[in-house]
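Structure at a glance
In case you want the letters, here they are:
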Amino acid sequence: MKFPYQREKSSLFGEIYRPIAELEVETRAGWMTLLAYIDSGADISILPASFLKAFGVTVGEEEIWEVRGIGGAKVPVIMKDVRMKVGQQVFDSKIAIALVEDVPYILGREGVFDKFEICFRQKEKIVEFKPTA
């Protein structure tokens, strides 16, 4: 599977291309398609608070953790095991659901990168996912 980089505005660079993957997550209402930044520096995938309801998570019943981003900023999250699909590859993965809405959709390493050989083709502005055996 190949995913083209997405062109975006950057206050630092003007225009920049970022690696994005189309994936699906299984929610209570069925499979939901989303676009997420592919982040090899992220330990875990993360989604915003609006997914709490989609996964049927009740705050207070789950343990709250903190993840840190660039600059050490802390974000409270709840960990959740979900079914995920990239291309035709369906697998279980642990994700973090932020308790705030202001986080991007991030596809991190935990439970994902070990399922694929992932090649960032920066010059071509493409990311290629090949399922591992």
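Residues numbered from 1 in each chain as written. Predicted model: local features only at pLDDT ≥ 70, side-chain atom pairs only at ≥ 80, totals over all residues. Heavy atoms only, no water.

**Remarks on the overall build of the protein**
Helices and strands together make up the secondary structure of the protein, namely 1 helix and 12 strands. Mapped from its N terminus to its C terminus, the protein presents α and β elements in the order β-β-β-β-β-β-α-β-β-β-β-β-β. Taking 133 residues into account, the globule formula puts the C-alpha radius of gyration at 14 Å, and the protein, at 15 Å, falls close to it. Reported as C-alpha extents along the three principal axes, the dimensions of the protein are approximately 45 × 40 × 25 Å. Here the protein, with 133 residues, has 36% of them falling under the buried criterion. (Helix = DSSP H or I, 4+ residues; strand = E, 2+ residues; numbered from the N terminus. Rg over C-alpha atoms; globule rule 2.2 N^0.38 Å. Buried < 20%, exposed > 50% of the residue type's maximum accessible area, 1.4 Å probe, protein only.)

**Brief notes about the nonpolar core**
Core analysis: the biggest nonpolar cluster contains 28 residues, and Leu23, Phe51, Phe55, Met84, Leu107 and Phe129 have the highest contact counts within it. Among the elements of the structure, β4 (20-27), β5 (30-38), α1 (51-54), β8 (74-86), β9 (89-98) and β12 (126-131) are those that each provide at least two residues to this core. If one sorts the elements of this core by residue count, β8 sits on top with 4 residues. Setting aside anything within four residues of it in sequence, one finds Phe129 in contact with Met1, Phe3, Ala21, Ile38, Val86, Leu107, Phe116, Glu117 and Ile118. Ile44, Ile46, Ala98 and Val103 belong to the second largest nonpolar core, which has 9 residues in total. (Core = buried A, V, L, I, M, F, W, Y, C linked by side-chain atoms within 4.5 Å. Contact = heavy atoms within 4.5 Å.)

**Observations concerning unusual backbone geometry**
Backbone geometry at Lys125 places phi at a positive 60°, although glycine is not the residue there. Here Lys125 is to be found in the loop between β11 (116-121) and β12.

**Details of the sheet that holds β11**
Sheet strands pair via backbone hydrogen bonds, and the direction of the pair is either parallel or antiparallel. In spatial order, the strands read β1-β12-β11; together these 3 strands make up an open sheet with antiparallel pairing. The two strands at the open ends of the sheet, each matched to only one other strand, are β1 (2-4) and β11. Looking at each pair of strands side by side, their axes are set apart by 15° on average, direction ignored. Of the strand pairs in this sheet, β11 and β12 are connected by 6 bridges, and their pairing is antiparallel. Directly across from Ile118, in β12, lies its bridge partner Phe129. (Pairing = 2+ DSSP bridges. Axes fitted to C-alpha atoms, helices over the stretch in contact; angles between N-to-C directions.)

**A word on the side chain of Ser45**
The residue Ser45 is located in strand β6 (residues 45-47) in this model. Its relative accessible area of 3% is what places Ser45 among the buried residues. Within the structure, the side chain of Ser45 is placed 3.0 Å from the backbone nitrogen of Gly108, a separation counted as a polar contact. Once residues within four sequence positions are removed from consideration, Ser45 is found in contact with Met84, Ile95, Ala96, Ile106, Leu107, Gly108 and Val112. (Polar contact = N/O pair within 3.5 Å; in protein donor to acceptor, adjacent residues only side chain to side chain.)

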